[in-house]
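# Structure assessment
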Amino acid sequence: RPMRSCENTWRRGCAVPPSRRACAWLGLLLGLVVHGTAMAASRGDSVVVVFREGNAESRAVAEHYARARGVPARNLVGLRTTSDSTLTRKDYEAQVEGPLVAELGRRGLAKFEPVGTGGAVTNGAAKSRCMASSVRYLVLSYGMPYRIANDPGRLAGQTNHVPVPLQRNNASVDSELCLLPMAGRYPLVSGVVNPFYLATNSAVLHPTNGVFLVGRIDGPSPAIARRMVDHAVFCETNGFTGEAYIDLRNITSGSYRTGDLWLTNAGAAARRLGFATHVDNQPATLPASLPLAHVGLYFGWYTQDVDGPFARDEVEFTPGSVAYHLHSFSAAEPRNPVKHWVGPLLAKGATVTFGSVDEPYLEFTPNPHAFLELSAILGFDVGEAGLACQPYLSWANAFFGDPLFRPFEPDLGALEERQYKASNPGQAWTILRQVNLRILEIGRAHV
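Quick summary incoming for the structure in this document. Every value quoted in this text rests on a predicted model; they were computed, and no experiment measured them.

## Some words on the overall build of the chain
The number of helices and strands found in the chain is 13 helices and 17 strands. Burial analysis of the chain (447 residues in total) assigns 59% to the buried set. Long-range pairs, those at least 24 residues apart, make up 78% of the contacts in the chain with a sequence separation of at least 6. Carbon together with sulfur atoms contributes 55% to the accessible area of the chain, which is approximately 16700 Å² in total.

## Examining empty space enclosed by the protein
Across all of its chains, the model carries four cavities of 30 Å³ or more by this definition. Volume-wise, the largest cavity comes out at about 60 Å³. Residue lining of the largest cavity: Cys178, Phe212, Leu213, Val214, Gly215, Val382, Gly383, Gly386, Leu387, Gln390, Phe399 and Gly401, and that is the complete set. Among the elements of the structure, strand E10 (213–217) and helix H11 (382–388) are those that each provide at least two residues to the lining of the largest cavity. No other element matches H11, which puts four residues into the lining of the largest cavity. Residue composition of the lining of the largest cavity, by class: seven nonpolar, five polar and no charged.

## Let's talk about the sheet that holds strand E13 (residues 295–300)
Taking strand neighbours across the sheet as the criterion, the four strands line up as E12-E11-E13-E14 in an open arrangement whose pairing is parallel. Each edge of the open sheet carries a strand with a single partner, namely strand E12 (277–280) and strand E14 (317–325). Here the average twist between neighbouring strands, direction ignored, is 10°. Examined bridge by bridge, E13 and E14 share five bridges and lie parallel to one another. Within the sheet, the bridge partner assigned to Leu297 lies in E14 and is Val322.

## Overview of the pairing of strand E17 (residues 397–400)
Residues Asn397 and Phe399 line one face of E17 and the alternating positions Ala398 and Phe400 line the opposite face, and both faces are buried. Bridge count for strand E15 (residues 353–356) against E17 is four bridges, and the pairing is antiparallel. Looking at E17, one finds that Thr353 is bridged to Phe400.

## Some points on helix H7 (residues 222–238)
In this model H7 runs 24 Å from its N-terminal to its C-terminal C-alpha over 17 residues, within 8% of the 24 Å that 1.5 Å per residue would give. Listed in full, the buried residues belonging to H7 are Pro222, Ile224, Ala225, Met228, Val229, Ala232, Cys235 and Asn238. Buried residues in H7 make contact with helix H4 (56–69), E10, E14, helix H9 (342–348), E17 and helix H12 (412–421).

## Quick word on the pairing of E10
With five of five residues buried, E10 lies mostly within the body of the structure. The side-chain alternation of E10 yields two buried faces, one formed by Leu213, Gly215 and Ile217 and the other by Val214 and Arg216.

## Regarding the environment of Arg59
Along the chain, Arg59 turns up in helix H4. Classification of Arg59 as partly exposed rests on a relative accessible area of 33%. For the pair Arg59 and Leu76, spaced 17 residues apart in sequence, the C-alpha to C-alpha distance is 8.9 Å. There is a polar contact of 3.2 Å between the side chain of Arg59 and the side chain of Glu53.

## What to know about H12
Buried within H12 are the following residues: Leu412, Leu415 and Gln419. Mapping the buried residues of H12 onto a view down its axis gives an arc of 60°, with all of them on the same face. Opposite the buried face of H12, at more than 90 degrees from it, the exposed residues are Tyr420 and Lys421. Downstream of H12 by one or two residues, Ser423 has phi in the positive range, about 50°.

## Brief notes about the sheet that holds strand E7 (residues 147–148)
Across the sheet, which stays open at both edges, the three strands sit in the order E3-E7-E8 with mixed pairing between neighbours. The strands lining the two open edges of the sheet, one partner per strand, are strand E3 (86–87) and strand E8 (171–172).

## Notes on the packing of H4 against H7
The relative placement of two packed helices comes down to the angle between their axes together with the axis-to-axis distance. Running from N to C, H4 and H7 cross one another at 10°; their axes reach a closest spacing of 9 Å. In terms of orientation, H4 lies roughly parallel with respect to H7. Taken together, the residues of H7 that come into contact with H4 (itself represented by Glu57, Val61, His64, Tyr65, Ala68 and Arg69) are Pro222, Ala225, Arg226, Val229, Asp230, Ala232, Val233 and Glu236. Grouping the amino acids of the contact of H4 with H7 by side-chain chemistry returns eight nonpolar, one polar and five charged.

## Description of the packing of aromatic side chains
If you walk through the whole model with that rule in mind, you get 17 aromatic pairs. Aromatic pair Phe310 and Trp341: ring centres 6.1 Å apart, planes at 70°, arrangement edge-to-face. You can see Phe310 sitting in the loop between E13 and E14 and its partner Trp341 sitting in the loop between E14 and H9, a full 31 residues away along the chain. Through a chain of ring-to-ring contacts, the aromatic side chains of Tyr298, Phe310, Phe317 and Trp341 assemble into a single cluster. The ring of Tyr142 carries Arg335 above its face, with NZ or CZ at 5.5 Å from the centroid. Over the face of the ring belonging to Phe275 we find Arg433, whose NZ or CZ atom lies 4.2 Å from the ring centre.

Quick notes on the rules
Residues numbered from 1 in each chain as written. Predicted model: local features only at pLDDT ≥ 70, side-chain atom pairs only at ≥ 80, totals over all residues. Heavy atoms only, no water. Helix = DSSP H or I, 4+ residues; strand = E, 2+ residues; numbered from the N terminus. Buried < 20%, exposed > 50% of the residue type's maximum accessible area, 1.4 Å probe, protein only. Contact = heavy atoms within 4.5 Å. Areas by Shrake-Rupley, 256 points an atom, 1.4 Å probe, with all protein chains shown as cover. 1 Å grid on protein atoms, 1.4 Å probe; cavity = no way out; pocket = protein on both sides within 12 Å on 5 of 7 lines; lining within 4 Å. Points joined across faces, edges and corners; volume = space filled by probe spheres on them. Nonpolar A, V, L, I, M, F, W, Y, C, P; charged D, E, K, R; others polar. Pairing = 2+ DSSP bridges. Axes fitted to C-alpha atoms, helices over the stretch in contact; angles between N-to-C directions. Expected span 1.5 Å × (residues − 1). Polar contact = N/O pair within 3.5 Å; in protein donor to acceptor, adjacent residues only side chain to side chain. Arc of directions from axis to C-beta. Parallel < 35°, antiparallel > 145°, perpendicular 65-115°, else oblique. Phe/Tyr/Trp six-rings, centres within 6.5 Å; stacked < 30°, edge-to-face > 60°. Lys NZ or Arg CZ within 6 Å of the ring centre and 35° of its normal.

If you want it as structure tokens, here you go:
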């Protein structure tokens, strides 16, 4: 099914209802200063890990993550849900949203206060706002549901000025939880414009400003989920390795041009970062015979199910690798190792990926170029970069990977010295990047 675009809707200037936009910005205005307690907390102290109560594998993955990142035991929260995949909107509010707000308050991890209706349109849940929080991250463990189904009965009175394709309230659990600090205070029709899209100050990404940073340690099996954690820690310790592969479609005009521009810019950014970068500009996806080697970065599009070299039995993903295939339903079945893209990429060894559980429309999908720039140049972790590269929240997108993970060491000289002292073979990759950067400098000097 081809990804649809709302380009004509945008041109009419009515993509987002004004009340929805105003509610989104309210989260930004609630607090402009990150609480010192959160900034002083250790990385593990800033995380709440949510697992599915009664699911031994979900708990085991949560505990594995907690050990790897030093998450205190009181920050592990078990929730009982009726499904490990799709919840109704009512069940999401009763089984995830409400209980999680209550547990964060009961454990002293965040303080929520009720907010009067004031005549505002609400989504039917209890209205609250986060006044203080010692945590910034929510990590969803293997087995937690990932989709909220559309509920047309909850759209009454909320569809004025909303284009017909956006008159829906389905979302990923992950994207909805990003807005947990403002639970119940925004209409559910369409999505919420992300006020932090392309933000360059990671400190503002905090619950007191209206958002949690949400990541998911999940995939086709518990073993794969644990490997995601282990590879993230390994990469931070030993350095990022591998090459960049960019798969364009050679689109020069029309509504899909945006996707090719994002990927073109991601390829340019990879080169500026010193990565050996391979760009395919043919309309088809990468050929199955292409000899992929040491895949550190992959950004491409556009087929419904995994194909080409990524469908082979083995793919040489490096520990810490980031892989993203842009498609409408890339995360529709994230625990299926052969269907769509998120599950297969994780099964093949990717450490971080992201995608959509339902039709997102091209303009509302995560921007891969922004993700790379934010994480590699500004030093954002995966959770921060993931939040800031999404134009919309309360929508279909989900990030799979450790949100604390910082893939890229900004000081390559310091990294090389550390690798040299440890006789780390990753040093060769760091030297290669520095050589490539020097070649770029020489080239610019002779222009």
